[in-house]
Amino acid sequence: MAENTYLIRGAAILGGEAEDLLIRDGIIAARGKDLHDDDATVIDGTGLVALPGMVDVHTHLREPGREDAETVETGTRAAALGGFTAVHAMANSNPVADTAGVVEQVHSLGRASGWVDVRPVGAVTVGLAGEQLAELGAMADSRAQVRMFSDDGICVHDPVLMRRALEYVKAFDGVVAQHAQEPRLTAGAQMNEGAVSAVLGLAGWPAVAEESIIARDVLLTQHVGSRLHVCHVSTAGSVEIVRWAKARGINVTAEVTPHHLLLTDELVRSYDPVYKVNPPLRTDADVQALREGLADGTIDVVGTDHAPHPSEHKECEWAQAAMGMTGLETALSVVQETMVETGLMTWADFARVTSFTPAVIGRVADQGRPLEEGEPANVILVDPAARWTVDPHKMATMGRNSPFKGKELPGSVVATFFKGHPTVLNGKLNTPYRYAGNYPTPDAAGAVSGS
Amino acid sequence: MKHLLSTENLSAFDAIRVLDTAEEMSAVGDREVKKLPALRGRTVVNLFFEDSTRTRISFEAAAKRLSADVINFAAKGSSVSKGESLKDTAQTLAAMGADAVVIRHWASGAPHRLAATDWIDAAVINAGDGTHEHPTQALLDAFTMRRHWSQLNGTKSTGADLRGMRVAIVGDVLHSRVARSNVWLLRTLGAEVTLVAPPTLLPIGVEHWPCKVSYNLDETLEAGVDAMMMLRVQGERMHASFFPSTREYSRRWGFDDARLRALDDLGMKDTIIMHPGPMNRGLEISSAAADSPRSTVLAQVRNGVSVRMAALYLLLSGDSREATAATAATPHAVSQPTKESN
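Residues numbered from 1 in each chain as written. Chains lettered and ligands numbered in written order. Predicted model: local features only at pLDDT ≥ 70, side-chain atom pairs only at ≥ 80, totals over all residues.

Participant: Would you take a moment to explain the overall build of chain B for this structure?
Facilitator: In terms of helices and strands, chain B carries 11 helices and 9 strands. Rg of the C-alpha trace for chain B: 20 Å, near the compact-globule value of 20 Å for 342 residues, within the 12% margin. Along the first, second and third principal axes, the C-alpha set of chain B runs to 65 × 50 × 35 Å. For chain B, the proportion of its 342 residues judged to be buried stands at 49%. Counting only contacts in chain B whose residues sit at least 6 apart along the sequence, the fraction spanning at least 24 positions is 77%. (Helix = DSSP H or I, 4+ residues; strand = E, 2+ residues; numbered from the N terminus. Rg over C-alpha atoms; globule rule 2.2 N^0.38 Å. Buried ≥ 20, exposed ≤ 12 C-beta atoms within 10 Å, placed from the backbone. Contact = placed C-beta atoms within 7 Å.)

Written out as structure tokens, the structure reads:
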């Protein structure tokens, strides 16, 4: 049997009719009924849904700098297991990904690992300090081909700087991904400001701190004719503003995390920092508005905001704990639970918000493509009937901070094909894809995480 | 009751049991030998991450009157100030065989963390956490109110609640753990509570609380009050624009001499004036009010010892607590939790 040929038999393509997919040499060689290839490894797709590999627009891989939290290797293993074939690695590493050198390092680490496409996100400002533009053009022209820029974790709150960033990225078809958080309104903020924070005595993170920045940014985007992406929208009011902006023809896209689609601030009553995240978990009314917004296209994509932390950063007082949750290995299941099983979306819609549109926003060639003949074979097989209980200790990510621990969720990733190579088979990690040709070896960059 | 973490979830039964037990304990304070052997051989740790001499010595006196061994652990000058985590501190105390931990912490929810994790198996008493709760303060306030209310009604205080009593809590509700604990406990005991504060010092979400809210102290007085509870206000709050100046605060929300006279003019001869201390004389309360016969400030301090004796006694020698061996702590590397964004 040829090593690079796989025949998937009878999988429901995007949840539709069952068909066969023949994968050969990295591309979908054929799609149809009763395909034959004597050389192919046959995979029974009965009962499975075939989807395009998921593309995460918002991942924290922590390397370089916090290899005790996650590495490119462990984070991308988690991504492959979660059904992803591409992730956007956020810039808040140490050193910050604000130069061509750092984004090329992350990019080459991703290639060396070979589990998914690693698309580095460049910082908007030097050191995420919000004072001076980073060399966005150099990052765009680098081998990492950066198109998305974000100071994620910190809001580009200076309106002039935000305006300039939006203008500048037009030169290379970039997008500014904003972490919308008015800093003065959220000084010391610990959780959503509302009925629960009033009782718990935790400093509030008001919805208006997110919404006011989004309102400003969509108007700036319109004014300068650029492209804006709003990270992890978390409030009903934000959905309203994005809806209004789109109706005005403003070029804005928005993302929601799986955790904001399922969890509310009621969980904070436990004071368990596993529920501490930024933006914070909101109310049930917000959760419902986010689901509706994702279903009707106001919110374009799901982004995990996968944020692994070492256990000592969560085993402490709430106020001392780091913000963030892991999400790569639970994203598919949570979106199935909240959007598909509720009847709000079909699997074709799922493919739109987890693959097609994220690839367009990030300008990722060869990802988020239709499952058609001649297209790159980034394909996943999902068993929608599976049920599993989340155990953070069994995950590939180094982070144990999953807010879904102990929860039963639907859907599991049976196989992930990345560039035609099965990185995941039978729900388990297989082998990474190996690039031909020589991209600068990671050793030359002086830092490498072995596989 | 295994722990005393908040009044929000304290049942009326348990609350009245603490207050009734405190009545018995207060009799001990009237004796020449102010000591009971109830907690002999038990170890109570006062774990204070925030300075509070008043609360600490009150708990210390309470534990000693019950013959417990008391260890005072102040975070300043200890391993905590060298970056030891709450987990490691808790496990260290567990290894030393602490039976109860009285914890004061600047972070809301820290006592809940001690109680909810397997770091330590001791009974946890919240001695004030951040801007969350201060349950023993609310219990001593309720104890003080109940004695007053029972006396007025000519009934025995033991077994009684506070039904019909009108209580105004005035001041910085937003940052006050005392206000929160009082609102929940007074609701449970049947009192009618009105919060009086500048709108800036009330939390978003206060409309869901089981009480009335007013911005006007004089109107609240005119409507009739049986207990005025003045909260401590930090003058520095004016720098964060919570109010324009301490003088304006004092004029609108301070219990000054004019309002003290107003109580007489309005015929409220039995209304008491309470303050959890320490007082800012001239800011939220005038000296005349603080020193008037209506003031219960010192009675509150006295009652605090009785209430804390009751809490320690019920948690440590009550029937509800199982004797379990302290779990052996594993030494961990000292690590400094850092604040990080996603």
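Participant: How should the nonpolar core be read in this particular structure?
Facilitator: Across soluble globular proteins, you tend to see nonpolar side chains buried next to one another. Counting residues in each nonpolar core, the largest one holds 245 residues, and the members touching the most others are A:Ala50, A:Phe149, B:Ala100, B:Val101, B:Val170 and B:Leu312. Per element, the largest residue contribution to this core is 11 residues, and it comes from helix 11 (residues 297-316) of chain B. With residues near it in sequence (within four places) discarded, B:Leu312 still touches B:Leu39, B:Val44, B:Ala62, B:Ala63, B:Leu66, B:Ala68 and B:Ala100. (Core = buried A, V, L, I, M, F, W, Y, C linked by C-beta atoms within 7 Å.)

Participant: Explain the domain arrangement of chain A here, please?
Facilitator: Reports of interface size often rely on the accessible area that becomes lost once the parts have come together. Residue and element names in this part refer to chain A. According to the domain assignment, chain A consists of domain 1 (5-50 + 374-429) and domain 2 (53-362). Computed over C-alpha atoms, the centres of domain 1 and domain 2 are 26 Å apart. The interface of domain 1 with domain 2 comprises 28 residues on the first partner and 39 residues on the second. Among the secondary structure elements, those contributing two or more residues to the side of domain 1 that touches domain 2 are strand 16 (379-389), strand 17 (408-418) and strand 18 (421-425). Of the residues forming the side of domain 1 that touches domain 2, the biggest block, 6 residues, is contributed by strand 17. In terms of residue class, the side of domain 1 that touches domain 2 is built from 18 nonpolar, 9 polar and 1 charged. (Domains from an automatic or database assignment. Nonpolar A, V, L, I, M, F, W, Y, C, P; charged D, E, K, R; others polar.)

Participant: What should I look at first to understand the sheet that holds strand 10 (residues 175-178) of chain A in this one?
Facilitator: Strands belonging to one sheet form pairs held by backbone hydrogen bonds; the direction of such a pair is parallel or antiparallel. All names here are of chain A. If you walk across this open sheet you meet the 5 strands as 9-10-13-14-15, and the pairing is parallel. Looking at the sheet topology across the chains shown, the edges are occupied by strand 9 (148-149) and strand 15 (301-302). Sheet topology places strand 9 next to strand 10; 2 bridges connect them, and they run parallel. Across the sheet, Phe-149 pairs through a bridge with Val-176, a residue of strand 10. (Pairing = 2+ DSSP bridges.)

Participant: Would you mind going over the pairing of strand 3 (residues 100-105) of chain B with me for this structure?
Facilitator: All names here are of chain B. A large share of strand 3 lies buried, amounting to 6 of its 6 residues. Going residue by residue along strand 3, you find Ala-100, Val-102 and Arg-104 tucked away on one face and Val-101, Ile-103 and His-105 tucked away on the opposite face as well. Looking at chain direction, strand 3 and strand 4 (residues 123-129) are connected through 5 bridges and run parallel. Counterpart to His-105 in the pairing with strand 4 is Asp-129. As a crossover connection, the stretch from strand 3 through helix 4 (residues 110-116) into strand 4 is right-handed. (Right-handed = clockwise from strand over helix to strand, strands pointing away.)

Participant: Would you mind showing me how to read the environment of A:Gly32 here?
Facilitator: Residue position: A:Gly32 is located in strand 3 (residues 27-32). With 134 residues separating them along the chain, A:Gly32 and A:Leu166 place their C-alpha atoms 44 Å apart.

Participant: It is not clear to me how the sheet that holds strand 7 (residues 84-89) of chain A should be interpreted in this structure. Could you clarify?
Facilitator: All names here are of chain A. Taken together, 3 strands build an open sheet; the order of strands is 6-7-8 and the sheet is parallel. Of all the strands in the sheet, just strand 6 (54-59) and strand 8 (117-120) have a single pairing partner and so form its edges. Across the sheet, the mean angle separating the axes of adjacent strands is 20 degrees when strand polarity is ignored. Pairing between strand 6 and strand 7: 4 bridges, direction parallel. Each residue of the ladder has a partner; that of Val-55, found in strand 7, is Ala-86. Sheet strands touched by helix 1 (residues 72-81): strand 6, strand 7 and strand 8. Its angle to strand 7, the strand with the most contacts, is close to 135 degrees. (Axes fitted to C-alpha atoms, helices over the stretch in contact; angles between N-to-C directions.)

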